[in-house]
Amino acid sequence: MKRLLAVIVGGFGLRVLLRRRLRAAAVPEPADELRAKLAETRSDEPEASANGAASNDSVDSRRADVHDRARRAIDELRD
């Protein structure tokens, strides 16, 4: 009976020890990797102009282009 109790307690102790080791050696969170990639891509982007007018024009032109393509796609689906 004492041996059975010792084995059970030893098993629980081993389990706790292994859990602590796994937590210490845990892999980095996927969110941390994505944040690092996002920071890297943001550093590669060109800086916006001081007044921001050029960047607004490019955003507006891109937005208009996307809307035009979407309208054409919808018209093709309707036909």
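**Description of the overall build of the chain**
Scanning the chain from terminus to terminus reveals three helices and zero strands. Mapped in sequence order, the helices and strands of the chain form the string α-α-α. For the chain, the residues scored as buried account for 1% of the 79 residues in total. For the chain, the accessible area works out to roughly 7,900 Å², and carbon and sulfur atoms hold 59% of it.

**Here's the deal with a positive patch on the surface**
A grouping of R15, R19, R20 and R23 is seen on the molecular surface, where their side chains present a positively charged patch. With respect to the helices and strands, the residue R20 is situated in helix α1 (residues 2-24). Overall, the relative accessible area of 62% leaves R20 in the exposed class.

**Observations concerning the confidence of the model for the chain**
When pLDDT is averaged along the chain, the result is 83; 80% of the residues meet or exceed 70. Across the chain, α1 holds the top mean pLDDT of 90, while helix α2 (residues 30-44) sits lowest at 85.

**Quick notes on a nonpolar patch on the surface**
Side chains of M1, L4, I8 and F12 sit close together on the surface and give an oily, nonpolar patch of about 500 Å² of accessible area. Among the structural elements, F12 can be located in helix α1. Judged by relative accessible area, which is 52%, F12 ranks as exposed.

Reading the values: rules and limits
- Residues numbered from 1 in each chain as written.
- Predicted model: local features only at pLDDT ≥ 70, side-chain atom pairs only at ≥ 80, totals over all residues.
- Heavy atoms only, no water.
- Helix = DSSP H or I, 4+ residues; strand = E, 2+ residues; numbered from the N terminus.
- Buried < 20%, exposed > 50% of the residue type's maximum accessible area, 1.4 Å probe, protein only.
- Areas by Shrake-Rupley, 256 points an atom, 1.4 Å probe, with all protein chains shown as cover.
- Patch = residues over 30% accessible without salt bridge, like charges linked within 9 Å, V, L, I, M, F, W, Y side chains within 5 Å.
- Salt bridge = Lys/Arg side-chain N within 4 Å of Asp/Glu carboxyl O.
- Lys, Arg positive; Asp, Glu negative; His and termini not counted.
- Charge placed at Lys NZ, Arg CZ, Asp CG, Glu CD.
- pLDDT = per-residue confidence, 0-100.

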